[in-house]
Amino acid sequence: MRQHHRTLRLLGSLLLVAMGVSVTGAAPAQAASPTPLDRVVPAPASVAPSGSPYRITPDTRIRVDDSREARRTGEYLATVLRPSTGYRLPVTAHGAGGIRLRLAEGPFGAEGYRLDSGRKGVTITAAKPAGLFHGVQTLRQLLPPAVEKDSVQPGPWLVAGGTIQDTPRYGWRGAMLDVSRHFFTVDQVKRYIDQLALYKINKLHLHLSDDQGWRIAIDSWPRLATYGGSTQVGGGPGGHYTKADYKEIVRYAASRYLEVVPEIDMPGHTNAALASYAELNCDGVAPPLYTGTDVGFSSLCVGKEITYDFVDDVIRELAALTPGRYLHIGGDEAHSTSHADYVKFMDRVQPIVAEYGKTVIGWHQLTGANPSRGALAQYWGLDGTSAEEKAQVAAAARGGTGIILSPADRIYLDMKYTADTPLGLDWAGLVEVKRSYDWDPGTYLPGAPASAIRGVEAPLWTETIAKSADIEYMAFPRLAGAAELGWSPASTHEWEAYKVRLAAQGPRWEALGIGYYRSPQVPWQTAE
Ligand code: NGO
């Protein structure tokens, strides 16, 4: 009897699936009509629907120009599409129709693209390889969420007809991962990189050192990694990247058009270094390793020459490993360094960064010293930050310091969503999805000229974050909003429309195995 019921239920389910109805709810298992061209995050700059959709079939080819970069992005697209469609999808320079990736002159800038879709095919055109890659991310989102699964799905694989023209508002669209408070392996970082790429994030800032752990091998000071990296918050085993590991992260990030921005935080947040080498301490005594979560208690010894030998060695080795333009020197919460010493330290350290060919970035406290020409300051204040401090940052911005916006009460991904969020901190307040999205980087900092704003970055500090599932729960859905703040024109910025586009991402995250926070502010679609 029970067996009979099960069979009936199964038959019923199969029938529903055949009818295109989800077994778990009312949503169609695979939409019969294609995703509208404007249901993409981040919102494209302009969308013009027209004509019939394109359908990916077993005969579809991915046609690429005869360039290494276009071919690589073609192969990347094929890797996304093959498992779920079950099609061969050869990447080839020959044939007609199909999905075409084309490099050509045009008003696309360094990262923009145009996507034309119609009955015969989809063409993504860009002036630079990064634009092709971002166009491919848009194409992914135009296909049903099941395209992200790693087993064959029924289809149909339709792309709505029309044209998208798209270029980013800002050149800096970053995400920061703190690998110091908890260590994350190369594979965990790669997983996050893939998630960032889906939303056209183009900078991966790695917070490589802090009181609790030093995470990058430095040949001239080996104990930094072997001893200073041997623990983490709560006293776990910690870890560090060998130079080969770090290069692999840089390579993988570059293959997804992300630039790695390494950070060595100084002169504060340096207990792991001070514990590793007694001579770096003013009193010559090494403190014990630290596994708590207090901030502001450590400082490099500003008056000792060896401090600058140390900084020179670290920056030289890190710069040599880093093809990107930037090197982040921290500079936040130097509460155990006097103001005079802080200024003195920054005056000596910034030229070292320049000497090794890199541009300085510091947390916005750097604007209280003398930011070097071309330096960027990363603003992490909040609504409650004093007018004086905001004015100091705005004055630096007027003086030529570029600003990256990471307001803690908006896009710190480690802030709790609500009082009930099991992970995260709340020192900057509770940050629900709407609050995280609902602000304008262009006008956010009073007195800072819009032209000084280089973009936005969403930091994820990891005092309470220990595994990939934790990263994902805190990043999704807020990361998508930060990405949109960085990419989309201000004119598209509107919560009511955004929340509908955001809701459509839910089934995609489920298909990708991302466990996200189901904010009640968002009208999530029923899972497939
Ligand atoms: C602050 C602090 C970090 C903490 C983080 C936690 C900055 C720039 N310094 O942000 O050390 O980990 O808050 O939210």
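See above for the structure.
Residues numbered from 1 in each chain as written. Predicted model: local features only at pLDDT ≥ 70, side-chain atom pairs only at ≥ 80, totals over all residues. Heavy atoms only, no water.

### As for the pairing of strand 17 (residues 376-379)
- Alternating positions in strand 17 separate into two faces, L376 and Q378 on one and A377 and Y379 on the other, with burial throughout.
- Direction of pairing for strand 16 (residues 359-363) relative to strand 17: parallel, over a ladder of three bridges. Its bridge partner being in strand 17, I361 is matched across the sheet by L376.
- With four bridges connecting them, strand 17 and strand 18 (residues 402-405) associate as parallel partners. Residue pairing in the sheet places Y379 in a bridge with L405 of strand 18.
- After leaving strand 17, the chain enters helix 10 (residues 387-398) and then returns to the sheet as strand 18, a path that is right-handed. (Buried < 20%, exposed > 50% of the residue type's maximum accessible area, 1.4 Å probe, protein only. Helix = DSSP H or I, 4+ residues; strand = E, 2+ residues; numbered from the N terminus. Pairing = 2+ DSSP bridges. Right-handed = clockwise from strand over helix to strand, strands pointing away.)

### Structural notes on the state of the cysteines
- Throughout the structure, instances matching the rule amount to one disulfide.
- Disulfide partner of C282: C301, at an S-S distance of 2.0 Å. Disulfide C282 to C301: torsion about the S-S bond roughly 100 degrees, handedness right-handed. With C282 in the loop between helix 7 (271-276) and helix 8 (305-321) and C301 in the loop between helix 7 and helix 8, this pair connects stretches of sequence that are 19 residues apart. (Disulfide = S-S within 2.5 Å.)

### Details of helix 13 (residues 468-475)
- Of all eight residues in helix 13, six are buried; the element is thus mostly enclosed.
- Turning to helix 13, its buried residues are S468, D470, I471, E472, M474 and A475.
- Looking at the buried residues of helix 13, the elements they touch are strand 10 (172-178), helix 4 (186-198), strand 19 (453-460) and helix 14 (478-487). (Contact = heavy atoms within 4.5 Å.)

### So, the packing of helix 2 (residues 68-85) against helix 3 (residues 129-142)
- Two numbers describe how helix 2 lies on helix 3: the axes approach to 9 Å, and their chain directions differ by 15 degrees. Classed by the angle they form, the pair helix 2 and helix 3 counts as roughly parallel. Where helix 2 crosses over helix 3, the two elements pack in a sense that is right-handed. Between helix 2 and helix 3, the residues in contact are E69, A70, T73, Y76, L77 and V80 and P129, L132, F133, V136, Q137, L139 and R140, respectively.
- Residue composition of the contact of helix 2 with helix 3, grouped by class: nine nonpolar, two polar and two charged. (Axes fitted to C-alpha atoms, helices over the stretch in contact; angles between N-to-C directions. Parallel < 35°, antiparallel > 145°, perpendicular 65-115°, else oblique. Left-handed = near helix turned anticlockwise from the far one by under 90°. Nonpolar A, V, L, I, M, F, W, Y, C, P; charged D, E, K, R; others polar.)

### Considering unusual backbone geometry
- Note the cis peptide between V41 and P42, where omega equals -5 degrees.
- Counting through the fold element by element, P42 comes out in the loop between helix 1 (2-18) and strand 1 (46-49).
- Geometrically, the link from M266 to P267 is a cis peptide bond, its omega value of 0 degrees lying close to zero.
- The topology assignment puts P267 in the loop between strand 14 (259-263) and helix 7.
- At L89, a position not held by glycine, the phi torsion is positive, near 45 degrees.

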